[in-house]
Amino acid sequence: MPPASSPLHQRLTEHLAKREADGTRRRLTLPPAGLVDFSSNDYLGLSRHPAVQQALLAAVDAAGSTGSRLLTGNSAAAEALETQLAQFHGAEAALLFNSGYAANLGFFAAVPRRGDTILYDEASHASVKDGIRGSFATAWSFRHNDVADVERKLARATGAVFVAVESLYSMDGDMAPLPELAALCRERELYLVVDEAHTNGLYGPRGEGLVVELGLENDVFARVLTFGKALGSQGAAVVGATLLRDYLLNFSRPFIYTTALAPHSVVALAAAYEVLPDLLAERRQLFALSDYLRTRLNAVPGLRVPPESHVIHPVFFTGAPGPAHVRQVAATAQAAGFDVRAIVAPTVPTGTERLRLILHSYNTEAEINELATLLTRISG
């Protein structure tokens, strides 16, 4: 570490002090034990499903590091999982990545090139924006879920044009207008890229995702499917044409230069995908609870849950009280037994601080009622 008198030490200290003063400094905390889960991404409880746990126990000898997929990290199990993923999601091919962040980074830094154009929703995940920085393509954001703004931006576009959206946005819980975007991309010969991190496993007849539910598989150039949410595991995949898979395998640095996904994760994912089609009742329960929570919390004075939110519910406070208040509300809820988290700047714009509540198929109406009663008491 440089000495305290050095310019670097002073700069780092000043930036942290500013975050502290703004109430936006991040710190690691241990997950609280025994709280009612309104925060994790394990929407369907697949991490605790007996079939998945049994598969993990049976694969205990497979634990350990390997190497890059292009060296010693490839396996018959990984290739079988990619085949399973492609077939399940209605695509020609799939390529595994170690996380959704790595998949977005790996796609956007490799496929769009200098002279191309990327139009991305302003609410896109940080991994998309970081990948775009590495592409050397020209990039412009468009207003959130605004197809007309996409059309306006096209007037300046050059080369291959990519339109990047999330099917369900992780901070606001609202959905991209995929049918309208797909129609525009068909008409103008654009390349639609959809991050299905928060819809994979939840939508579609068997949990194949929102793109499949809407019948848009042939209109989407690439889908990023994350496994750390409804699949209850880790890793991700990019699904699309066989040509795209081969290109990423050759040019995507986050795929090439990293140790492969751990063997036990591959086993767990294969088991989760076997179970997923049978979870129709869990998906229906999740959506019903989602509607119930939205209605229940909108009845609490001083709170607002947007009507378009799905599964992920931002809870806004009247008058935008600032990060300190929102964090205090979250801390009070945790002390009362509810795992509730505050989301503040810079993750969301200043003035839009919120609680973010995530529903699961294993939550209950009684838990929602108890949380609503608590928030009514705090708000009052």
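Please refer to the structure placed before this passage.
Residues numbered from 1 in each chain as written. Predicted model: local features only at pLDDT ≥ 70, side-chain atom pairs only at ≥ 80, totals over all residues. Heavy atoms only, no water.

A. Expanded view of the sheet that holds strand β3 (residues 117–121). Taken in spatial order, the seven strands line up as β2-β8-β7-β6-β5-β3-β4 in an open sheet, and their pairing is mixed. Each having just a single partner strand, β2 (93–97) and β4 (138–142) make up the two edges of the open sheet. If you compare each strand with its neighbour and ignore which way they point, the axes differ by 20 degrees on average. Both strand β7 (residues 222–226) and strand β8 (residues 236–240) contribute to a ladder of five bridges, which runs antiparallel. (Pairing = 2+ DSSP bridges. Helix = DSSP H or I, 4+ residues; strand = E, 2+ residues; numbered from the N terminus. Axes fitted to C-alpha atoms, helices over the stretch in contact; angles between N-to-C directions.)

B. Layout of the pairing of β2. For β2, the buried fraction is high: five of the five residues fall into the buried class. The alternating pattern of β2 places Ala93, Leu95 and Phe97 and Ala94 and Leu96 on opposite faces, both of which are buried. Alignment of β2 against β8, held across five bridges, turns out to be antiparallel. If you follow Phe97 over to β8, its bridge partner there is Ala236. (Buried < 20%, exposed > 50% of the residue type's maximum accessible area, 1.4 Å probe, protein only.)

C. Inspection of the side chain of Thr24 at higher detail. Checked against the element boundaries, Thr24 lands in the loop between α1 (7–22) and β1 (36–37). Residue Thr24 is classed as buried on the basis of its relative accessible area of 7%. Setting aside anything within four residues of it in sequence, one finds Thr24 in contact with Arg19, Arg327, Val344, Ala345 and Pro346. (Contact = heavy atoms within 4.5 Å.)

D. Looking closely at empty space enclosed by the protein. Under the counting rule described, the total for this entry stands at one cavity of 30 Å³ or more. A volume near 50 Å³ is recorded for the largest cavity. Lining the largest cavity we find Asn104, Phe108, Ser124, Val128, Ala164, Val165, Glu166, Val193, Val194, Asp195 and Val224. Where the lining of the largest cavity is concerned, the elements lending two or more residues are α4 (100–108), β5 (161–166) and β6 (191–195). (1 Å grid on protein atoms, 1.4 Å probe; cavity = no way out; pocket = protein on both sides within 12 Å on 5 of 7 lines; lining within 4 Å. Points joined across faces, edges and corners; volume = space filled by probe spheres on them.)

E. Quick peek at the environment of Leu280. Looking at the secondary structure, you find Leu280 in helix α12 (residues 280–298). When its relative accessible area of 39% is taken as the criterion, Leu280 is described as partly exposed. Separated by 241 residues in sequence, Leu280 and Ser39 place their C-alpha atoms 22 Å apart.

F. Quick peek at the sheet that holds strand β10 (residues 312–317). A sheet is described by the order of its strands in space; here four strands give the open sequence β9-β10-β13-β12, paired in antiparallel fashion. Each having just a single partner strand, β9 (303–304) and β12 (341–343) make up the two edges of the open sheet. One ladder, built from two bridges, connects β9 with β10; its direction is antiparallel. Within the sheet, the bridge partner assigned to Leu303 lies in β10 and is Phe317. Most of the contacts of α12 go to β10, to which it runs at about 5 degrees, and overall it touches β9, β10 and β13 (354–358). Docked against the sheet, helix α13 (residues 323–335) engages β10, β12 and β13, running at close to 165 degrees with respect to β12.

G. Geometry of the nonpolar core. Among the nonpolar cores identified, the biggest contains 81 residues, and Phe38 and Val165 are the most heavily contacted of them. If you tally residues by element for this core, the top one is helix α11 (residues 263–275), at seven residues. (Core = buried A, V, L, I, M, F, W, Y, C linked by side-chain atoms within 4.5 Å.)

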